[in-house]
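Listed below, chain by chain, are the residues.
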Amino acid sequence: MITGGCPFSRRRFLQAAGGAAGALAASALFPSVPRAAGGKTVDVGVSSAAGPAERARGAVALVGGMKAFVSRGDVVVLKPNIGWDRTPEQAANTDPEFVVAVAEMCLAAGARSVRVFDRTCNDPRRCYVSSGIKDAVERFARKNRVEDALRIYHVEDRMFVRTSIPNAMSIKEWDLYRDALEADKIVNLPIAKHHSLAGITLGLKNMMGIMGGNRGQIHFRLSECLVDLHRRVPAALTVIDAGRVLVRNGPSGGNLADVKSFGKAFASRDVIAADVVAAEKIFRLAPRDVGHIGKALESGLGISSVAQIRLVEG
């Protein structure tokens with residue numbers, strides 16, 4: 001648990017959860033053995049390895065390894081957070097070593113092409129450089145002579161495609177990035193952090209980076225819109241970077257005093273399960289405390305109950 005300045009206190013979590021049920025420890029909320037819940041159980045891997053790359057590899061290994069998600073010949077999109085003109089130490093973007101480790105795993109699993117991009121909030125060129133992600137990806141590609149297979153690039157307005165969203169709760173159609181629509185697999189690589197409007201941002205919210213147009217509009221019905229987005233463009237795997245966590249003044253941050261070391265990574269094929277576990281473990285928030293997580297649980301998008309989560313720690 002993060003202490004010393006985190007805006008989401010243990011006390012608030014217990015009050016929200018209510019009574020004795022809310023007082024259960026994390027090990028009771030997320031048992032290491034599955035409980036019956038409609039016959040469906042989803043693993044969430046939690047890695048506490050020393051460095052960002054090791055944590056990413058450890059979390060993915062705990063849920064079956066990358067070959068369980070990426071097949072030989074796949075075109076894979078990696079969607080990290082590169083949204084802000086911030087350094088890795090400021091924890092507004094996914095750690096560059098974390099991104100490279102996942103890219104390496106995808107290539108080792110047989111991916112034909114791995115593409116890395118994000119629609120940024122600040123100036124894209126500054127974001128790609130300040131985050132360290134551009135340099136790290138390109139350096140790895142050069143060193144391993146995989147420049148043709150591993151590319152990081154800026155989004156282009158002409159590549160957003162008006163896309164219908166069947167059975168939408170809120171957005172019937174939206175401009176979505178063509179490379180994400182056409183990919184064989186998407187691996188979602190958010191960084192865990194505070195968000196002034198959404199409360200927190202994890203896997204569900206990170207996929208807004210494939211959206212064109214005025215994304216600010218969806219914050220009026222954020223919960224429903226995020227469900228719609230993930231229903232149309234599901235991720236095969238979500239791996240959450242929680243090495244450094246921005247606990248105040250997110251999503252952009254900037255002050256190192258707002259960053260706390262947490263030293264974990266979370267992975268799951270079910271983005272909702274990953275977010276549920278990360279929200280509780282990092283911020284001590286139950287699903288009902290985070291509007292978009294609660295709505296996703298109710299939607300039929302993935303798991304519908306915390307009881308369906310099997311925690312695998314290593």
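All residue numbers refer to position in the chain's written sequence, counted from 1. Side-chain atom pairs in this predicted model are given and counted only at pLDDT of 80 or more, local residue features only at pLDDT of at least 70, and totals for whole chains, interfaces and linings cover all residues. Excluding hydrogens and water, the side-chain figures rest on all heavy atoms present in the structure.

Novice: Describe unusual backbone geometry, and please don't skip the residues or the numbers.
Specialist: A cis amide bond links Gly-250 with the next residue in sequence, Pro-251, at an omega value of 15 degrees. With respect to the element layout, Pro-251 can be found in the loop between β10 (237-246) and β11 (259-268). Even without being a glycine, Arg-145 presents a positive backbone phi close to 55 degrees. Along the polypeptide, Arg-145 turns up in the loop between α7 (133-143) and β4 (150-152). Counting from the N terminus, the helices are the DSSP runs of H or I reaching at least four residues and the strands are the DSSP runs of E reaching at least two.

Novice: Pulling in residues and values, what's your account of the pairing of strand β2 (residues 75-80)?
Specialist: Taken residue by residue, a regular strand's side chains alternate between the two faces of the sheet. Exposure classes here rest on a 1.4 Å probe applied to the protein chains alone. A residue is buried below 20% of its type maximum, exposed above 50%, and partly exposed in between. Counted residue by residue, β2 has six buried out of six residues, so it is predominantly covered. At least two DSSP bridges between two strands are required for those strands to pair. Here β2 pairs with strand β3 (residues 113-116) via four bridges, running parallel. Opposite Val-75, over in β3, you have Ser-113 as the bridge partner. Assignment of crossover handedness uses the view with strands pointing away from the viewer, where a clockwise path from the first strand over the helix to the second indicates a right-handed crossover. Each parallel crossover has a hand, and for β2 linked through helix α5 (residues 96-108) to β3 it is right-handed. The pairing of β2 with strand β7 (residues 185-189) spans five bridges and is parallel.

Novice: Explain the pattern of salt bridges residue by residue, including any values.
Specialist: Any carboxyl oxygen of Asp or Glu within 4 Å of a side-chain nitrogen of Lys or Arg constitutes a salt bridge here. Throughout the structure, instances matching the rule amount to 17 salt bridges. With its nearest N and O atoms 3.7 Å apart, the salt bridge here joins Glu-173 to Arg-162. Here Arg-162 lies in strand β5 (residues 160-164) and Glu-173 lies in strand β6 (residues 173-177), a separation of 11 residues in the sequence. Judged by relative accessible area, Glu-173 falls into the partly exposed class, the value being 41%. Linked by salt bridges that have partners in common, Glu-54, Arg-57 and Glu-104 make up one network.

Novice: If you had to explain the environment of Ile-82 to someone new, which residues and values would you point to?
Specialist: Positionally, Ile-82 belongs in the loop between β2 and α5. With a relative accessible area of 0%, Ile-82 lands in the buried category. As for Ile-82 and Ala-92, which are separated by 10 residues in sequence, their C-alpha atoms are 8.1 Å apart. Not counting chain neighbours up to four residues away, the residues in contact with Ile-82 comprise Asn-93, Phe-117, Asp-118, Thr-120, Cys-127, Tyr-128, Ser-131, Ile-133 and Ile-152. Working rule for contacts: check all heavy atoms of both residues, and any pair within 4.5 Å makes them a contact.

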